[in-house]
Amino acid sequence: MTRSPASGKAWRAAVGLALAAALALTGCSTTSGGGGGSGKSEITVAGTYPIQNLDPASPSGGSNTGTQLVAQELFSRLVRVRPDGTVEGDLATEWKANATASEYTFTLRKDVKFSDGSPLTADDVVASFKRLLDLKSTNAANFTDYTMTAPSPDQVVLKATKPDAAILRKLSIFYVIPAKVTGEDPDFFKSPVGSGPFKLEKFDPSGSVALVPNANYYAGVPKLDRVTFRTMPELAARMTALRTGEADLIWGIPDDQLSQVKSDSNLTVETVQSTAVFTMWFNSSEPALRDAKVRRALWQAVDFPTIIKQLYPETGSLADSPVSPVTLGYVKQQPVSYDPTAAKAALTAAGFDFGKKLRLQFANAEFRPFNQAIVSDLQKIGVQVDLLEKEQAVFTKDLLALNWDVNFQQLSNPTYDAANTLGRLYTCKAKRNGYCNPELDKLLAAAAASPDEKERTRLYGEASKIIWSDAVGMFPMAVKYAYAWNKRLTGFTPDPAGLPDLAKVQVSSS
Amino acid sequence: MIRVVVKRLLVGVLVMWGAASLIFVIVRVAPGDPATLMLGPDAPPDQVRELTATLGLDRPMPLQYLSYLGDVVQLRFGDSYLFNRPAMAEVFERMPATAELMLASTTIAVIAGLALGLLAGGRPGGLLDRVVSGGTIALQSFPTFWTGIMLILIFALALRVLPSAGTGTPAHLVLPAITLALPFTATVARLTRTSVAETMHEQYIRTARSKGLTERQVLLGHALRNSLIPVVTIIGLHMGGLMGGAVVVENVFAWPGVGTLVVESVANRDYTVVQAATFLVAGIVMAFNLAADLVYSQLDPRIRMESAA
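Residues numbered from 1 in each chain as written. Chains lettered and ligands numbered in written order. Predicted model: local features only at pLDDT ≥ 70, side-chain atom pairs only at ≥ 80, totals over all residues. Heavy atoms only, no water.

- As named in an unreviewed UniProt entry, chain B is ABC transporter permease, taken from Kribbella sindirgiensis.
- As stated in UniProt under Sequence similarities (unreviewed entry), the record for chain B gives "Belongs to the binding-protein-dependent transport system permease family."
- As recorded by UniProt, the Subcellular location (unreviewed entry) comment attached to chain B reads in full: "Cell membrane". (UniProt positions renumbered as here; feature names shortened; annotations may be inferred.)

Below is the structure:
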């Protein structure tokens, strides 16, 4: 085989161009695989959540997990919830409720300073609370018409419009900033001043936040020199970044990826029982689903133990309550056993129309296999289901309009209190699933008003029993969150709400 | 020539008006509203209504449209609901990252595509030609997100020579730029190959050879220059495609450009940002198309823009 002069020249010209292309690439590259976590005491946290602004009281920040994640490092709260679900003081050293749980008095920690060195006073707390209400974020809705006053320099009093025993845990999403900040103040949040363990070094809304220790933090300066939060929406990129050392901590790892990180000797992997429960409401306002016997039979027709074992062997367990075991108000219920024959007989006896297709809606592709398995089990007894995977905005719109027959959600609970789920979502007034039971309403109201936690748990247990036996929904799975972190990190505790605190984390020198 | 450019710019104004109007309608026709998404499904209805009014979304649609057009003329797009700052400022802040990515990927695609095209077109039907032709079909067939993840697994995880995602050093640019460049490289290569193969049989190539020019001079001075004409056109036309690809690539590699911004904004129904980003991107694509036309006429004197014909 010979090469013509033309093709020989073409070859040389092509090789030249190819070399130029290679140079264009390598000229701007390094061989460094690592990026984050470069320093000894610096760590990088890679998360899915975008962090668009740092104001936890703003309408957009209030419901944004990324904002809350960073806010808890920048700002202090009156109280906060520990990973075990109990309440601990942050700015408050002690607190006391009146007999009707409608008024709470908080004693403030002395000598707390903001990161700029200015003292944090009761006036800052009161002004921050007023600002929270003024901005009307979703968090403000927890305190509608509540008032806060400062009767003395080291005390604040919060008055509720009605008995509200869940107030302490609700306050875990109330952050204190200097009193001079009023209304939405974007300039302040470009360089915010807080009293949390860290202060802001750099904020890039396009994908990263860098924090450095707050030398004035009342509980001692954190040992980390820098914490960088990086938004990485793609799971493969997050997993790779963790394994290459570009990231030191990730969570929300699906079961099918856990074996990979577990096999890496540089990583620690732990699952923690979360506040989340897979919740599949039936729309009780639909004629086909009005009868509790029908709803219960549908629940009975799905082999949840097998589905969970197959799809969520490590991050799921069969739920035994509408709320998570780490939530105040959790009381174990009798499991609903899988019995397709009994289910079909019950549906037939109840006059269920097998010709009608049920609309099962969910958002987020990660839940597709789970819902597909449910559809498959229901089809085995002749129940037809349209599986509708919706974009989040469409899902939310249809959810509120009750434009569905069965609705799948992973319901988490940042306040660790059943008031935030049972009390909020299952009342007649809430109109969230078409179910209305005055007896349930009474129990939920009594549970919300009792200052005695044991009594509240008992009442929520009674409420759960009604919700469970009336099959307001199916409650298939209690969710665990899988965390993985580099072994050089010490002092890290996985958080059941997916909001881990990094104040006590250190980087080991070995 | 100037008259043609002015005419094209006037048409461009109409196109921009059309793009601005279309995106205004599309974001509002899409189900879901910004206030509910911002406040979450548990917000009380009166709070949702109040925020809707604050955002100006409670006004009748024609009124919103007129006020929007008035703002667009002044290049004002309002404040982002999510970022709480001017939408266009947010887009401008992300644009350098996207421009960097697009420039790098276009450079790679053009250089590598021309090289592969020359290799294949220099000897049509040969082994190299068949390898390049087959390879380019494969490159065009792979979905961008899949290519991106594969490159991450190979170069970041297995070989550990490049970072997996993010930004900060030039090394971070390599994988996203290659991912975005690959399908475009295939297009340029195929086009160049066809063009070179045809050109090599032209009479003027024989004439050039008979004048005593070396093969290198013939190839680079005559064949390549004429082969570039369709390539230049495709670069201009491909800008829109590259922007679309950038949306996917930026998300895979957590690249902080306009693509990730648009995805976040669409998901959150942040109308102002979606409108600002679409307007800017439409303008850029239009400018590139115009530039491609102008360069096209310069490269080939036989082609005259319509006024000169």
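That shown, we press on.
**Topic: the UniProt feature "domain: ABC transmembrane type-1" (unreviewed entry) in chain B**
Next, step 1: Mapped onto this numbering, the UniProt entry gives "domain: ABC transmembrane type-1" (unreviewed entry) at residues 95–292 of chain B.
Next, step 2: For residues 95–292 of chain B, the helix share is 83%, the strand share is 0%, and the end-to-end C-alpha distance is 21 Å. (Helix = DSSP H or I, 4+ residues; strand = E, 2+ residues; numbered from the N terminus.)

**Focus: the UniProt feature "transmembrane region" (unreviewed entry) in chain B**
All names here are of chain B.
Next, step 1: Sequence positions flagged by UniProt for "transmembrane region" (unreviewed entry) are, in local numbering, residues 9–30, 101–121, 142–161, 173–191, 228–253 and 273–296.
Next, step 2: Spanning residues 142–161, this segment combines 75% helix with 0% strand, and its end C-alpha atoms are found 23 Å apart.
Next, step 3: The distance separating the terminal C-alpha atoms of residues 228–253 is 32 Å; by composition the span is 96% helix and 0% strand.

**Details of the sheet that holds strand 7 (residues 147–152) of chain A**
Residues and elements named next belong to chain A.
Next, step 1: Ordered by their spatial adjacency, four strands build an open sheet running 5-6-8-7, and the pairing between neighbours is antiparallel. This sheet does not close on itself; its edge strands, each paired only once, are strand 5 (92–97) and strand 7. Across the sheet, the mean angle from the axis of one strand to that of its neighbour is 20 degrees, orientation sign disregarded.
Next, step 2: Direction of pairing for strand 5 relative to strand 6 (residues 103–108): antiparallel, over a ladder of five bridges. Pairing of Ala92 across the sheet is with Leu108, part of strand 6.
Next, step 3: Helix 4 (residues 122–135) contacts strand 6, strand 7 and strand 8 (155–159) of the sheet and is inclined by roughly 170 degrees relative to strand 7. (Pairing = 2+ DSSP bridges. Axes fitted to C-alpha atoms, helices over the stretch in contact; angles between N-to-C directions. Contact = heavy atoms within 4.5 Å.)

**Some points on the state of the cysteines**
Residues and elements named next belong to chain A.
Next, step 1: What the rule picks out here adds up to one disulfide over all chains.
Next, step 2: Between the sulfur of Cys428 and that of Cys436 lies a disulfide, 2.0 Å long from S to S. Given an S-S torsion of about 95 degrees, the disulfide between Cys428 and Cys436 has right-handed geometry.
Next, step 3: The class for Cys428 is buried, based on a relative accessible area of 17%. (Disulfide = S-S within 2.5 Å. Buried < 20%, exposed > 50% of the residue type's maximum accessible area, 1.4 Å probe, protein only.)

**A few points about the pattern of salt bridges**
All names here are of chain A.
Next, step 1: Within the structure shown, the criterion is met by 29 salt bridges over all chains.
Next, step 2: Measuring nitrogen to oxygen at the nearest pair gives 2.7 Å for the salt bridge that ties Arg226 to Glu201. Taken together, the residues Arg226 in strand 12 (residues 226–231) and Glu201 in strand 10 (residues 198–204) connect sequence positions 25 residues apart.
Next, step 3: Classification of Glu201 as partly exposed rests on a relative accessible area of 40%.
Next, step 4: Among the ionic pairs, Arg359 bridges to Glu286, the shortest N-O distance being 3.7 Å. Here Glu286 lies in the loop between strand 14 (267–282) and helix 8 (292–300) and Arg359 lies in strand 16 (residues 358–363), a separation of 73 residues in the sequence.
Next, step 5: Overall, the relative accessible area of 24% leaves Arg359 in the partly exposed class.
Next, step 6: A single network of salt bridges, built from pairs that share partners, joins Arg80, Arg82, Glu88 and Asp90. (Salt bridge = Lys/Arg side-chain N within 4 Å of Asp/Glu carboxyl O.)

**Here's the deal with the environment of Thr144 of chain A**
Residues and elements named next belong to chain A.
Next, step 1: Considering the arrangement of structural elements, one finds Thr144 in the loop between helix 4 and strand 7.
Next, step 2: Of the residues examined, Thr144 reaches a relative accessible area of 42% and is grouped as partly exposed.
Next, step 3: Taking the C-alpha atoms as reference, Thr144 lies 41 Å from Pro305; in sequence the two are 161 residues apart.

**Side note on the packing of aromatic side chains**
Residue and element names in this part refer to chain A.
Next, step 1: One pass over the full model with this rule turns up 29 aromatic pairs over all chains.
Next, step 2: Taken together, a centroid distance of 5.4 Å and an interplanar angle of 85 degrees make the contact between Phe278 and Tyr312 edge-to-face. Taken together, the residues Phe278 in strand 14 and Tyr312 in the loop between helix 9 (304–311) and strand 15 (316–318) connect sequence positions 34 residues apart.
Next, step 3: Since its relative accessible area comes to 11%, Tyr312 is described here as buried.
Next, step 4: Among the aromatic side chains, those forming a connected cluster through ring pairs are Phe278, Phe304, Tyr312, Phe367, Phe370 and Phe408. (Phe/Tyr/Trp six-rings, centres within 6.5 Å; stacked < 30°, edge-to-face > 60°.)

**Some details on the environment of Ala292 of chain B**
Residues and elements named next belong to chain B.
Next, step 1: Mapped onto the elements, Ala292 comes out in helix 12 (residues 271–299).
Next, step 2: Given a relative accessible area of 9%, Ala292 falls into the buried group.
Next, step 3: Counting along the chain gives 61 residues from Ala292 to Val231, while the straight-line C-alpha distance between them is 9.7 Å.
Next, step 4: Excluding residues that lie within four positions of it along the chain, Ala292 makes contacts with Val232 and Gly236.

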